[in-house]
Amino acid sequence: MTHLKSHMQLVLALLVALILPLCMQSGSLATEVLIYALAVLGCNLLLGFTGLLSFGQGIFFGLGSYTVGILLTRFALPMPLALLAAVGVGALAAAFVGWFAIRQRGTYFVMLTLAFAQMFYFLAYSLPDVTGGDNGLLDVPRPAVSVAGTELLSLTTPWQFYTFVAVCFLIVFWILLRITNSVFGRTLLAIRDNEARAAAVGYNVRMFKLAAFAISGAVTALAGAFLAMMTGIAPLSSIEYHTSEMILVMTVIGGTGNLFASVLGAAFYVLFADWLSTLWPRWLMLLGFLLIAVSLFMQKGLWGLGERVWLALKRSPATTPATEEKRT
């Protein structure tokens, strides 16, 4: 049953990647949906599967942007190697932050991740020679995908870049499905539900949390690297606290503890924000009302709402002529 649900989630993710080009005119906006879906996947691994509410996701997102920007603009490193380096930097930074943060629980854990987010932000702000300061890193290129000098895919147009991001997104989604359905993933769920009992059974709770942090940081950094390549800039805003907040909001809207819910949350937030911003400059106020509604009536997010509707439809008896005759 678990494998069936995993396959269903993978099929749904594939359908989203295939449907977005058919429904949208902007390749950049469609790519942005998948980029933030990657970031929310990383956040969901911490919040939904491990029970860790982290405000440090913007750290890894911003470091991914800066790493790929520096390597592509100043060292002309091949693009696949630059992306791998961004993933590695994100994992190392997450392991560093997690090593200190997981020593505390609850409010103190949240405060530590928030403190680290502010520290990395001011560090990026204070090193303009490295990060570009307020201006960020400009003119981040988008090299073609090539092997041994042979160009496989040009990334010049928005839809070409979307194709590349979509393939990477599906690969990461499949890997995270394998992780969450493994013994490691089940142990994370046990830690989330009852940390004391998991420790009593003999699991090294700290190491499992640290591993979850590292994987989350790697995925989130990859998302930040893709955004820098898409926009051509690695801005200071990528590493701000507000980026962490936005990723958390997307995670809550979609629903925690389910990977495809991350895709729903990211798609809803990005598309809803794009639509509202054309109607009203203060669209964030409406988003606040939406979060209140989610907190009060949809505590499992959009995925939970869809599950409730599906169960209601399955439980309602079908009205047939035979049943009508019995009623009369």
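So, here is what we can say about the structure in this document.

What counts and how
Residues numbered from 1 in each chain as written. Predicted model: local features only at pLDDT ≥ 70, side-chain atom pairs only at ≥ 80, totals over all residues. Heavy atoms only, no water. Helix = DSSP H or I, 4+ residues; strand = E, 2+ residues; numbered from the N terminus. Rg over C-alpha atoms; globule rule 2.2 N^0.38 Å. Buried < 20%, exposed > 50% of the residue type's maximum accessible area, 1.4 Å probe, protein only. Axes fitted to C-alpha atoms, helices over the stretch in contact; angles between N-to-C directions. Parallel < 35°, antiparallel > 145°, perpendicular 65-115°, else oblique. Left-handed = near helix turned anticlockwise from the far one by under 90°. Contact = heavy atoms within 4.5 Å. Salt bridge = Lys/Arg side-chain N within 4 Å of Asp/Glu carboxyl O. Expected span 1.5 Å × (residues − 1). Arc of directions from axis to C-beta. Core = buried A, V, L, I, M, F, W, Y, C linked by side-chain atoms within 4.5 Å. Polar contact = N/O pair within 3.5 Å; in protein donor to acceptor, adjacent residues only side chain to side chain.

1. Describing the overall build of the protein
Link 1 in the chain: Along its length, the protein carries 15 helices and four strands.
Link 2 in the chain: For the protein, the C-alpha radius of gyration of 21 Å lies close to 20 Å, the compact-globule estimate for 328 residues.
Link 3 in the chain: For the protein, the C-alpha atoms occupy an extent of roughly 80 × 50 × 45 Å along the three principal directions.
Link 4 in the chain: A burial count over the protein gives 47% of its 328 residues as buried.

2. A look at the packing of helix α2 (residues 27-50) against helix α12 (residues 259-279)
Link 1 in the chain: With their axes 7 Å apart at the nearest point, α2 and α12 run at an angle of 135° to one another. Looking at the two axes, α2 sits oblique to α12. Crossing handedness for the pair α2 and α12: right-handed. Two secondary-structure elements touch here, α2 through L29, E32, V33, Y36, A37, V40, L41, N44 and F49 and α12 through L259, S262, V263, A266, A267, V270, L271 and D274.

3. Let's talk about the pattern of salt bridges
Link 1 in the chain: Summed over the entire model, instances satisfying the criterion amount to three salt bridges.
Link 2 in the chain: A salt bridge links D193 to R192, with the shortest nitrogen-to-oxygen separation between them at 3.0 Å.
Link 3 in the chain: One network of salt bridges, in which partners are shared, links R105, E195 and K209.

4. Digging into the environment of A30
Link 1 in the chain: Inspection of the secondary structure puts A30 in helix α2.
Link 2 in the chain: As a C-alpha pair, A30 and Y162 span 132 residues in sequence and 7.2 Å in three-dimensional space.
Link 3 in the chain: Sequence-distant contacts of A30, that is, excluding residues within four places in its chain, are made with L20, M24, W159 and Y162.

5. Considering helix α5 (residues 106-125)
Link 1 in the chain: In this model α5 runs 29 Å from its N-terminal to its C-terminal C-alpha over 20 residues, within 8% of the 28 Å that 1.5 Å per residue would give.
Link 2 in the chain: All buried positions along α5 are accounted for by F109, V110, T113, F116, A117, F120, Y121 and A124. In a view along the axis of α5, the buried residues occupy a sector of 135°, so they form one face of it. Exposed residues pointing more than 90 degrees away from the buried face of α5 are listed as T107, Y108 and M111.
Link 3 in the chain: On its buried face, α5 is in contact with α3 (57-73), α4 (79-101), α6 (128-131) and α10 (205-231).

6. A few points about the nonpolar core
Link 1 in the chain: In terms of nonpolar packing, the biggest core is built from 105 residues, with L38, L83, F164, F169, F173, F226 and Y269 touching the most fellow members.
Link 2 in the chain: It is α2 that provides the largest number of residues to this core, a total of 16 residues.
Link 3 in the chain: The contact partners of F173, leaving out residues within four places of it in the chain, are Q9, L10, A13, L41, L259, F260 and V263.

7. Digging into the side chain of Q9
Link 1 in the chain: Relative to the helices and strands, Q9 resides in helix α1 (residues 2-23).
Link 2 in the chain: Looking at Q9, its side chain comes within polar contact range of the main-chain nitrogen of L259, at 3.3 Å.
Link 3 in the chain: Sequence-distant contacts of Q9, that is, excluding residues within four places in its chain, are made with F173, L177, N258, L259 and F260.

8. Things to note about the environment of R186
Link 1 in the chain: For R186, the position within the fold is in helix α8 (residues 183-193).
Link 2 in the chain: In this structure R186 comes out as partly exposed when scored by relative accessible area, which is 39%.
Link 3 in the chain: Sequence separation of R186 and T50 is 136 residues, and the distance between their C-alpha atoms is 9.7 Å.

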